[in-house]
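Secondary and tertiary structure notes
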Amino acid sequence: NAGVTQTPKFQVLKTGQSMTLQCAQDMNHEYMSWYRQDPGMGLRLIHYSVGAGITDQGEVPNGYNVSRSTTEDFPLRLLSAAPSQTSVYFCASCSRDRGFYGYTFGSGTRLTVV
Amino acid sequence: AQSVTQLGSHVSVSEGALVLLRCNYSSSVPPYLFWYVQYPNQGLQLLLKYTTGATLVKGINGFEAEFKKSETSFHLTKPSAHMSDAAEYFCAVSGGATNKLIFGTGTLLAVQP
């Protein structure tokens, strides 16, 4: 049982490049979310999903796209990276089945845009 | 809409002293409330949660929190701080059909010897 797996752990991009941050969970959780963490600002919700095929915007969605074609995977796409997107990104998942245990977080992706 | 306010971005206590980290929330639906801890260069670990039932909840490492609906608060406490408690602590709220988890801005706890 791997939990929530994020890849890559570190990434450096040039301004204007695109990339996809991968997130996979093996717990059959229906809810998945992406956050960015910046000093002094806590974790801010980028996008979230309540199930396969259903996504919605969070607090800071601009510059990011998501899709959820399977229960397991929830990739985050940066179409044209900007220095303001330098951050640590966390993916999380949870389920309400059999009680509610809170979100489980991945170990994060540290992204630098130069 | 839901939101969380954490009073005090930095809190410093002496080893053995009481730890009190404050959290107030706003929610238009019955809230689920959480405290997470983050050690340097690591991910987030769930400390404790309130969903329904008993309003005083106990978590790992001797921490506890009390849900006070009338005060819209969920403060985190620990009777005696240990050096290993030094970390950043985040309060978060979720609830409703979307179950979005919204975080406060965090409190960095320093423990002085």
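Anyway, here's the lowdown on the structure attached to this text. Treat the numbers as computed from the prediction; the structure is a model and nothing was measured.

Parameters at a glance
- Residues numbered from 1 in each chain as written.
- Chains lettered and ligands numbered in written order.
- Predicted model: local features only at pLDDT ≥ 70, side-chain atom pairs only at ≥ 80, totals over all residues.
- Heavy atoms only, no water.
- Pairing = 2+ DSSP bridges.
- Helix = DSSP H or I, 4+ residues; strand = E, 2+ residues; numbered from the N terminus.
- Axes fitted to C-alpha atoms, helices over the stretch in contact; angles between N-to-C directions.
- Buried < 20%, exposed > 50% of the residue type's maximum accessible area, 1.4 Å probe, protein only.
- Contact = heavy atoms within 4.5 Å.
- Salt bridge = Lys/Arg side-chain N within 4 Å of Asp/Glu carboxyl O.
- Nonpolar A, V, L, I, M, F, W, Y, C, P; charged D, E, K, R; others polar.
- Disulfide = S-S within 2.5 Å.
- Polar contact = N/O pair within 3.5 Å; in protein donor to acceptor, adjacent residues only side chain to side chain.

Our focus in this paragraph is the sheet that holds strand β8 (residues 76-78) of chain A. All names here are of chain A. The antiparallel open sheet is built from four strands, whose spatial order is β1-β3-β8-β7. Of all the strands in the sheet, just β1 (4-7) and β7 (64-66) have a single pairing partner and so form its edges. Each strand axis lies, on average, 20 degrees off the axis of its neighbour in the sheet, ignoring direction. Summarising the sheet, strand β3 (residues 19-25) and β8 pair through three bridges and their orientation is antiparallel. Residue Leu21 lies in a different strand from β8, and its bridge partner there is Leu76.

Here we come to unusual backbone geometry. Here the residue pair Thr7 of chain A and Pro8 of chain A is connected by a cis peptide bond, since its omega of -5 degrees sits within 30 degrees of zero. We note that Asn28 of chain A has phi near 60 degrees; this positive angle belongs to a residue other than glycine. Among the structural elements, Asn28 of chain A can be located in the loop between β3 and β4 (31-38). By relative accessible area, which is 57% here, Asn28 of chain A ends up exposed. Backbone geometry at Thr72 of chain B places phi at a positive 45 degrees, although glycine is not the residue there. For Thr72 of chain B, the position within the fold is in the loop between β7 (64-68) and β8 (73-78). Of the residues examined, Thr72 of chain B reaches a relative accessible area of 32% and is grouped as partly exposed.

Residue-level contacts link 21 residues of chain A with 25 residues of chain B. For the pair chain A and chain B, the interface holds zero salt bridges. Among the secondary structure elements, those contributing two or more residues to the side of chain A that touches chain B are β4, β5 (42-51) and β9 (87-94) of chain A. Element by element, the count of residues in the side of chain A that touches chain B is highest for β5 of chain A, at five residues. Of the residues that constitute the side of chain A that touches chain B, the class distribution is 13 nonpolar, five polar and three charged.

Attention now goes to the state of the cysteines. All names here are of chain A. In the structure shown here, the tally under the stated rule is two disulfides over all chains. In this model Cys23 forms its disulfide with Cys91; the gap between the sulfur atoms is 1.9 Å. Where Cys23 bonds to Cys91 through sulfur, the torsion about that S-S bond is close to -70 degrees, and the disulfide is left-handed. Taken together, the residues Cys23 in strand β3 and Cys91 in strand β9 connect sequence positions 68 residues apart.

Let us look at the side chain of Gln2 of chain B. Residue and element names in this part refer to chain B. As for its placement among the helices and strands, Gln2 is situated in the segment before β1 (3-7). Looking at Gln2, the relative accessible area reads 18%, which means it is buried. A distance of 3.2 Å separates a polar atom in the side chain of Gln2 from a polar atom in the side chain of Ser27. There is a polar contact of 3.3 Å between the side chain of Gln2 and the backbone oxygen of Ser94.

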